[in-house]
Amino acid sequence: KTNNFDVVVVGSGGGGFSAAIEAKEAGKKVAIIEKMPTVGGNTLISGGEMNAPGNWVQKKLKIKGDSVKSYYQDTMKDGDNLGDPKMVHILANNALGSAKWLRDDIHVNFIKDQLFQFGGHSYKRALIPVGHTGQELVTKLDKKATALKIPIYTNTKAKSLIKQNGRIVGVKARYQDKKNVTFNAKNAVILTTGGFGSNVKMRTKYNKEYDKRYKSTDTAGTQGDGIVMAQKVGAKLTNMKYIQTYPIANPKTGMISLLADTRFDGAILVNQEGNRFVEELERRDVISKAILKQTGGYTYQIWNDKIDGISKTKAAHKAEYNELIKEGLLYKADSIDELAKDFKIDPTTLKATIKKVNRYAKTGKDKDFHHRAGLVSLAKGPYYIEKAVPSVHHTMGGLVINEKTEVLNQQGKAIPGLYAAGELTGVIQGSNRLGGNAIADIITFGRIAGQTTGKLK
Ligand code: ADP
C-alpha cells in the first residue's frame, strides 16, 4: 500500500506532534506514523515539566533574576559543554515561547503557582503540567492534531528511509508486522522517534557500563530506530556514549518515581547506614554514581508531610504511592525510630543525620553537602521513606542537526529531505540532560522542524 504526503513525521511523542502541527498549519499534507498501538512515547510517561526562563509562574511567585543567559549557562555547564552552543542558544531563546505556544495554542494547563527546581538549575524555572505528568501535554497535542485532521497511523513501524538521487523521499513501514506500507514524502521526512534507553544491545555498543544490570524508565518503543535508519543513509552521530540514569527509580521495575519529586522541595537521600552522601539537587549523573557507590547500590529518600505539602506529589501520584506501599518499597511512619526500623537502618545514625538536617534548615547552610535550595526541617512527622535505584532514563547522544533541524552527514552537509528533532538528536544536552530540558528541547525543535519543512517548495 502506498500513501502520498508532503511531510511524514515518524514518532508521536512531543517532538513528533509539535512538528506535525506546525507543518500542517503551514499548509502541508502531513502524516504521523507510530509503531506502538497508542501515541505519546516517553513524553506521555514523563513528569512533563518544562524549563522556561522568565516564565509567568516565576513572576507570580516573585522569583527574580532568572534569564535566558542563566538557563543557557546551566544547560551548557551541566552538560560539560558538550552541547552545540549555537543549538543550546536556540533552546534557551525559544523555551519560553515554546511554553507559551503549549499554553495558548495547544491549551495545555500548567499549574499556576508551583514550579520545580530540578538538579543543576540556578532557579526554580520548570513549569508543571496539571497532574504532574506528560499526559496533559500528549492529550492536548493529540486533540490539536485531531482538530487539524492530521492522520496518525498507529501500529505502523518505520523500517527504512527511501533515498532517491541523494534525497530522502519517503519511509518504508510495516503495519502490525504483517503488511508493508510505503509513505511517500514530497517535501520531507521528520524523525522524532526518541532515544534508545530500552535497547540494551545499543546501549552497550556505545557504553559498556549500561548493560542489563540497569533497568530503564523508558517505554518499550525506545529502541533507537530513528538513529539507526538515519545512520544507514549517511547521518553523523555524536555524544553516543552519554547515557543518563535517573537516580530515583523503582528497584523492581526501573520505573521513574514521580512521587519522589519531593526531592526538589527538600527530601533527603540517605544510605543503608543512615548517612547522607550527596547533595540532593546535584546533577542526575552525580547522584546516580554516588548511589551506586553506597552499600547495596541503592538509596532511601526521606521526607515529611510538610515537604509533601509543598510539592504535592502524593496527591498527584496516588497510584504510584499505593503501588510502592504494596511492594514494600515505601513506608509511612510517625517517628524516626519507626522509619529506621522499616528498612533496618541504624536508628541512632538516622536520628543524628536528621538532627543535622534540621539544624542546617534553620541556619540556611548545609555544611555537609551545600544543598543549593536550602534544606527543609524534618523535625515533624509523619515521615515517608522510599527505596530507590538509578535507572536508564535518557540517551543524550544521537543525530547531528543544524539550526533548521536538517540532519547532517559525516561531512557536515544536510541530507536533503531529512529532518529530526527530540531525544534522537545529540547536539543539545551534552553529557548530561538537566531535568525539565527534554520537553523544552522536543517542543522547541519539533516546532522548528515543522516550520522549516512547512516552507519547503
Ligand atoms: P521525543 O521526546 O523525542 O518526542 P518520545 O519518546 O516521546 O520522543 O516519542 C518517540 C515516539 O516514536 C514513541 O511513541 C515511539 O514509539 C515512536 N517510534 C520509535 N521508533 C519508531 C518507528 N520505527 N516507527 C514509528 N514510530 C516509532
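Worth saying up front: this structure is predicted, and the values here are computed from it rather than measured.

(A) Geometry of the side chain of asparagine 42. Secondary-structure assignment places asparagine 42 in helix α2 (residues 41–45). Taking relative accessible area as the criterion, asparagine 42 reaches 18% and is therefore assigned buried. Sequence-distant contacts of asparagine 42, defined by excluding residues within four places in its chain, comprise Asp218, Thr219, Thr222 and Glu423.

(B) Broad picture of helix α4 (residues 68–77). Here α4 has its buried residues at Ser70, Tyr71, Tyr72, Asp74, Thr75 and Met76. In this structure, the buried residues of α4 make contact with β3 (50–51), α5 (85–104) and α15 (437–454).

(C) Structural context of the sheet that holds β3. Strands sit in the order β3-β5-β4 across an open sheet of 3 strands; the sheet is antiparallel. Edge positions in the sheet fall to β3 and β4 (110–116), since each has one partner strand and no second.

(D) Main features of the site of the ligand. The environment of the ligand is made up of 26 residues, and the closest members are Glu34, Thr43, Ala158, Asp225 and Glu423. The contact in question runs from a nitrogen atom of the ligand to an N or O atom on the backbone of lysine 35, over 3.1 Å. Contact between the ligand and aspartate 225: a nitrogen atom at 2.9 Å from a side-chain N or O atom of the residue. Protein burial of the ligand: of its 580 Å² of free accessible surface, 97% is covered by the chains. The set of elements that each furnish at least two residues to the shell around the ligand consists of α1 (14–25), α2, β7 (156–164) and α8 (225–232). Its residues placed into classes, the shell around the ligand shows 6 nonpolar, 15 polar and 5 charged.

(E) Quick look at the pattern of salt bridges. Per the counting criterion, the structure on display carries 24 salt bridges. A salt bridge links lysine 144 to glutamate 25; the nearest nitrogen and oxygen atoms lie 3.7 Å apart. Linking lysine 144 in helix α6 (residues 135–147) with glutamate 25 in helix α1, this pair joins segments that are 119 residues apart in sequence. With relative accessibility at 23%, the residue lysine 144 sits in the partly exposed group. Residue aspartate 78 is joined to lysine 77 by a salt bridge in which the shortest nitrogen-to-oxygen separation is 3.8 Å. With relative accessibility at 6%, the residue aspartate 78 sits in the buried group.

(F) Quick peek at the packing of aromatic side chains. Applying the stated criterion across every chain, the model contains 14 aromatic pairs. On the numbers, 5.0 Å between centres and 75 degrees between planes, the contact of tyrosine 153 with phenylalanine 183 is edge-to-face. Here the residue tyrosine 153 occupies a position in strand β6 (residues 152–153), and phenylalanine 183 occupies one in strand β9 (residues 179–191), the gap between them amounting to 30 residues. Among the aromatic residues, ring-to-ring pairing joins Tyr298, Tyr300, Tyr331 and Phe343 into one connected group. When the ring centre of phenylalanine 5 is taken as reference, the NZ or CZ atom of lysine 29 above it lies at 5.0 Å.

(G) Representation of the side chain of aspartate 218 within the structure. In this fold, aspartate 218 is placed in the loop between α7 (200–206) and α8. Here aspartate 218 sits buried without a salt bridge, and the closest side chain of opposite charge, arginine 203, lies 7.0 Å off (N-O distance). Here threonine 217 takes part through its side chain, which lies 3.2 Å from a polar atom of the side chain of aspartate 218.

(H) Molecular detail of the domain arrangement of the protein. According to the domain assignment, the protein consists of domain 1 (2–196 + 396–454) and domain 2 (246–391). Distance from the C-alpha centre of domain 1 to the C-alpha centre of domain 2: 32 Å. Each partner contributes to the interface: domain 1 provides 22 residues, whereas domain 2 provides 17 residues. Interface area, domain 1 with domain 2, both sides summed: about 1400 Å², of which 47% is carbon and sulfur.

(I) Expanded view of empty space enclosed by the protein. Under the definition given, this model contains 1 cavity of 30 Å³ or more. The computed volume of the largest cavity comes to approximately 70 Å³. Phe118, Gly119, Arg263, Phe264, Glu282, Arg283, Arg284, Asn432, Arg433, Leu434 and Gly435 are the residues that line the largest cavity. Of the residues that constitute the lining of the largest cavity, the class distribution is 3 nonpolar, 3 polar and 5 charged. Counting residues domain by domain, the lining of the largest cavity receives three or more from each of domain 1 (2–196 + 396–454) and domain 2 (246–391).

(J) A look at the environment of glutamate 49. Relative to the helices and strands, glutamate 49 resides in the loop between α2 and β3. Using a relative accessible area of 6% as the deciding quantity, one classes glutamate 49 as buried. Apart from residues lying up to four places away in sequence, glutamate 49 is in contact with Phe116, Phe118, Ala126, Leu127, Ile128, Pro129, His132, Asp261, Gly436 and Ile439.

Rules used in this analysis
Residues numbered from 1 in each chain as written. Predicted model: local features only at pLDDT ≥ 70, side-chain atom pairs only at ≥ 80, totals over all residues. Heavy atoms only, no water. Helix = DSSP H or I, 4+ residues; strand = E, 2+ residues; numbered from the N terminus. Buried < 20%, exposed > 50% of the residue type's maximum accessible area, 1.4 Å probe, protein only. Contact = heavy atoms within 4.5 Å. Pairing = 2+ DSSP bridges. Near = heavy atom within 4 Å. Polar contact = N/O pair within 3.5 Å; in protein donor to acceptor, adjacent residues only side chain to side chain. Areas by Shrake-Rupley, 256 points an atom, 1.4 Å probe, with all protein chains shown as cover. Nonpolar A, V, L, I, M, F, W, Y, C, P; charged D, E, K, R; others polar. Salt bridge = Lys/Arg side-chain N within 4 Å of Asp/Glu carboxyl O. Phe/Tyr/Trp six-rings, centres within 6.5 Å; stacked < 30°, edge-to-face > 60°. Lys NZ or Arg CZ within 6 Å of the ring centre and 35° of its normal. Lys, Arg positive; Asp, Glu negative; His and termini not counted. Domains from an automatic or database assignment. Buried area = accessible area lost by both parts, 1.4 Å probe. 1 Å grid on protein atoms, 1.4 Å probe; cavity = no way out; pocket = protein on both sides within 12 Å on 5 of 7 lines; lining within 4 Å. Points joined across faces, edges and corners; volume = space filled by probe spheres on them.

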